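Remarks on the overall topology
What follows is the residue order along each chain.
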Amino acid sequence: VGGVAVGRFAPSPSGPLHLGNLRTALLAWWAARGDGSAHLLRVEDLDPSSRPEHEAGQLADLRALGLDWDGPVVRQSERRDLYEDAVGRLDAAGLTYPCYCTRREIREATRAPHVAPDAYPGTCRRLTAAERRGREADGRPPALRLRSPGEEVAVVDALHGVVRGVVDDVVLRRNDGLPAYNLVVVVDDAAQGVEEVVRGDDLLPSTPRQAHLAHVLGLPVPRYLHVPLVLGPDGSRLAKRHGAVTLADATAAGIPPSEVRRRLAASVGLPDPGATPPPLDRAALPTAATTWDGSWVTP
Ligand code: GLU
């Protein structure tokens, strides 16, 4: 589409967005709109913890902050065929193997996109045929993993520069049958023509394996901008237990969304973007996380 790039925001509807999520949403929108690009909204609702009411609340918050998007909202739950097709192609190329490791290990490696999973040690890749039959007889359904060369892959981030990581045997399909986050994000970004991925920097460690997955699927690798998170005073990811952390909390305290937006922008050294923001100077963003001190919801 004639030089116009495509960006996106991809929330998980497992609860209300906190103001750290909303700052990431603001920066994703700003990066796209500041360049006159299209901006898409993709709801990552494959996980069973997803709820339609959370999606509705998240979209309402984005609208209240003036963060618009193009076209209909895309839901991953409606695109299962696309992901199965990608898994099928990797399978046909001999690039997959079943993994019988425990649910807990698989959950750690796939369900929490925010935590860089430790590299999978390749346990099930080395099973003999007899061992595999033994595991199958146990009756627990396997996950499906990618056979990776175990090499270092480099990606370029507009803020962090060149980022390298060793690509492990990433989960493609969880043992509950759901396609795994690292697969669906790659398939969707390519299918939607996303050219720049803007998201929280907790996903930076997963980016080399996503770039590798794009390579083996013959898909283009997008540009990346990983923005700093907002952390609770205890240094953990911001959460409800840290107190008043949502747009609704700010509204209840008498702070209108326009003022919240101004404070979100100010926290990364930016002026209020207005309705048509100027180009975002990506490299000028801070890399350090912001520690939540409640000031965004204090009149
Ligand atoms: N859905 C993920 C989240 O809520 C973001 C995935 C991405 O932007 O690649 O953090």
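Quick summary incoming for the structure in this document. (Residues numbered from 1 in each chain as written. Predicted model: local features only at pLDDT ≥ 70, side-chain atom pairs only at ≥ 80, totals over all residues. Heavy atoms only, no water.)

For helix H1 (residues 19-34), which comprises 16 residues, the first-to-last C-alpha distance of 21 Å matches the rise-based estimate of 22 Å (1.5 Å per residue) to within 8%. Counting buried residues along H1, 15 of its 16 residues qualify, which places the element largely inside the surrounding structure. Backbone geometry just after H1 places Gly36 at a positive phi near 70 degrees. (Helix = DSSP H or I, 4+ residues; strand = E, 2+ residues; numbered from the N terminus. Expected span 1.5 Å × (residues − 1). Buried < 20%, exposed > 50% of the residue type's maximum accessible area, 1.4 Å probe, protein only.)

Per the counting criterion, the structure on display carries one aromatic pair. When the centroid spacing of 5.5 Å and the interplanar angle of 90 degrees are considered together, the rings of Trp292 and Trp296 count as edge-to-face. No difference in accessibility class separates Trp292 from Trp296, as the two residues are buried. (Phe/Tyr/Trp six-rings, centres within 6.5 Å; stacked < 30°, edge-to-face > 60°.)

The next thing to look at is the nonpolar core. Core analysis: the largest hydrophobic core is formed by 39 residues, its most contacted members being Leu62 and Leu285. Of all elements in the fold, only H1, strand E2 (38-43), helix H2 (52-64), strand E10 (223-227), helix H8 (247-252) and helix H9 (257-266) reach the threshold of two or more residues within this core. Counting residues per element, this core draws most heavily on H1, at nine residues. When residues no more than four places from it in sequence are discounted, the contact partners of Leu62 are Phe9, Leu17, Leu22, Ala25, Leu41, Leu67 and Trp69. Among the nonpolar cores identified, the runner-up in size contains 19 residues, and Ala86, Leu90, Leu172 and Leu217 belong to it. (Core = buried A, V, L, I, M, F, W, Y, C linked by side-chain atoms within 4.5 Å. Contact = heavy atoms within 4.5 Å.)

Attention now moves to the side chain of His39. Within the element layout of this structure, His39 appears in strand E2. Since its relative accessible area comes to 3%, His39 is described here as buried. Apart from residues no more than four positions distant in its own chain, His39 is found in contact with Gly7, Arg8, Phe9, Ala28, Trp29, Ala32, Arg33, Asp68, Trp69 and Asp70.

The subject of this paragraph is the packing of helix H3 (residues 80-92) against helix H6 (residues 181-191). Look at H3 against H6: their axes get within 10 Å of each other, and the N-to-C directions meet at 110 degrees. The angle between the axes of H3 and H6 places the two elements in the roughly perpendicular class. On H6, the residues that touch Leu82, Tyr83, Ala86, Val87 and Leu90 of H3 are Leu183, Val184, Val187, Asp188 and Ala191. Here the contact of H3 with H6 is composed, by residue class, of nine nonpolar, no polar and one charged. (Axes fitted to C-alpha atoms, helices over the stretch in contact; angles between N-to-C directions. Parallel < 35°, antiparallel > 145°, perpendicular 65-115°, else oblique. Nonpolar A, V, L, I, M, F, W, Y, C, P; charged D, E, K, R; others polar.)

Right, let's get into the sheet that holds strand E4 (residues 96-99). Within the open sheet, the three strands sit side by side as E4-E5-E8. Their pairing is antiparallel. Strand pairing shows two members of the sheet lacking a second neighbour, E4 and strand E8 (171-173), which therefore form its edges. Across the sheet, the axes of successive neighbouring strands diverge by a mean angle of 45 degrees, strand direction being ignored. Bridge analysis of E4 against strand E5 (residues 143-146) gives four bridges, and the strand direction is antiparallel. Within the sheet, the bridge partner assigned to Cys99 lies in E5 and is Ala143. (Pairing = 2+ DSSP bridges.)

Turning next to the state of the cysteines. Two cysteines whose sulfur atoms are joined by a covalent bond form what is called a disulfide. What the rule picks out here adds up to zero disulfides. Here Cys99 stays free of any disulfide, with the sulfur of Cys101 as its closest cysteine sulfur at 3.8 Å. Take Cys99: its relative accessible area is 0%, and that puts it in the buried class. Sulfur of Cys124: no disulfide; nearest cysteine sulfur belongs to Cys101 and is 3.9 Å away. (Disulfide = S-S within 2.5 Å.)

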